[in-house]
Amino acid sequence: MGGVRIVIRDAQTREILAEGVTTGGTGDTKRLMETATRRDAWATPESAAFRATLDIDEPRLIEVEAYGPLGQRQAAVHVTSQQWLIPGGHVREGNGWLIEMPGFVVDVLDPPAASNVKMPAAIKLRANVVMMCGCPTSPGGLWDANRYEIVANIQRDGELIAKLPMSFSGTTSQYEAMFTPEATGVYNVIVTAYDARTGNTGVDRTTVTVALK
């Protein structure tokens, strides 16, 4: 997903101590989703991470700022976390400094941005929805789309005129619905994915102009 940009700074002086982009993969899915308990290490050597050595000679309150995923900017979020570090007090065992980035990556595939159609027309709405790590979603899958509310919100002239549930298309991570406009104009399509259990939410949008034939 393009990695996550990391900035490590002194929380009190705002001095930047290290910065860069995470590297690595999504980790051990079986461990993350099935076998690891609360006390176990979730991270594996190949898991995505940013590693740095800080040269400090006294306790310092450190802030980590994370922004990403960089490969899907419409879904990127900015999170920060703080903790005290002491000289020689390494943060590297187990999970290291674990930071959670909430959300979904939603990518509207159809209609493409700034599309033009003629009336009468049935417009297919299609979106790709994955986890923030890029992990796929599907009904009954490891990331079970049956838990998610995936909806196409249709606006015309700034007014919400329809909320269309999007159903699984048969292709992993892709969901679709059909919309038939009743009037000409510029329509904004805002696709949202929402997990009521966790609060995870993702959004993407596109526009389509409907004209007379």
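Up top is the structure these notes are about.
Residues numbered from 1 in each chain as written. Predicted model: local features only at pLDDT ≥ 70, side-chain atom pairs only at ≥ 80, totals over all residues. Heavy atoms only, no water.

The subject of this paragraph is the sheet that holds strand 7 (residues 123-131). Judged by pairing direction, the sheet is antiparallel, and its four strands sit side by side in the order 5-7-11-10 without closing on themselves. Bordering the open sheet on either side are strand 5 (104-110) and strand 10 (167-168), each of which pairs with just one other strand. Sheet topology note: the strand 10/strand 11 (residues 174-179) ladder contains two bridges and is antiparallel. Bridge pairing in strand 11 places Phe-168 opposite Tyr-175. (Pairing = 2+ DSSP bridges. Helix = DSSP H or I, 4+ residues; strand = E, 2+ residues; numbered from the N terminus.)

As paired strands, strand 5 and strand 7 are joined by six bridges and run antiparallel to one another. Bridging across to strand 7, Val-105 finds its partner in Val-130. Bridge count between strand 7 and strand 11: six bridges; the pairing is antiparallel. When the bridges of strand 11 are listed, Lys-124 appears paired with Met-178.

So, about the pattern of salt bridges. The full count for this structure, using the stated rule, is nine salt bridges. Each of Arg-9, Arg-14, Glu-63 and Glu-65 takes part in salt bridges that share partners, so that together they form one network. (Salt bridge = Lys/Arg side-chain N within 4 Å of Asp/Glu carboxyl O.)

Quick look at the sheet that holds strand 9 (residues 159-165) now. The five strands lie next to each other as 6-13-12-8-9, forming an open sheet whose pairing is mixed. The sheet is open, and its two borders are formed by strand 6 (115-118) and strand 9, each paired with just one other strand. Adjacent strand axes in the sheet meet at a mean angle of 30 degrees, parallel and antiparallel pairs treated alike. Alignment of strand 12 (residues 185-195) against strand 13 (residues 201-211), held across ten bridges, turns out to be antiparallel. Bridge pairing in strand 13 links Ile-190 to Arg-205. (Axes fitted to C-alpha atoms, helices over the stretch in contact; angles between N-to-C directions.)

Here the focus is the nonpolar core. Grouped together as the largest cluster of nonpolar side chains are 28 residues, with contacts concentrated most on Leu-125, Ile-150, Ile-154, Leu-164, Met-166 and Val-191. Contributing elements (two or more residues each) for this core: strand 5, strand 7, strand 8 (148-156), strand 9, strand 11, strand 12 and strand 13. In terms of residues, this core owes the most to one element, strand 7, which gives five residues. Sequence-distant contacts of Val-191, defined by excluding residues within four places in its chain, comprise Val-106, Val-108, Ala-127, Ile-150, Val-151, Ala-152, Met-166, Gly-202, Val-203 and Asp-204. Within the second largest apolar cluster, eleven residues are counted, among which are Ile-8, Ile-56, Val-64 and Ala-66. (Core = buried A, V, L, I, M, F, W, Y, C linked by side-chain atoms within 4.5 Å. Buried < 20%, exposed > 50% of the residue type's maximum accessible area, 1.4 Å probe, protein only. Contact = heavy atoms within 4.5 Å.)

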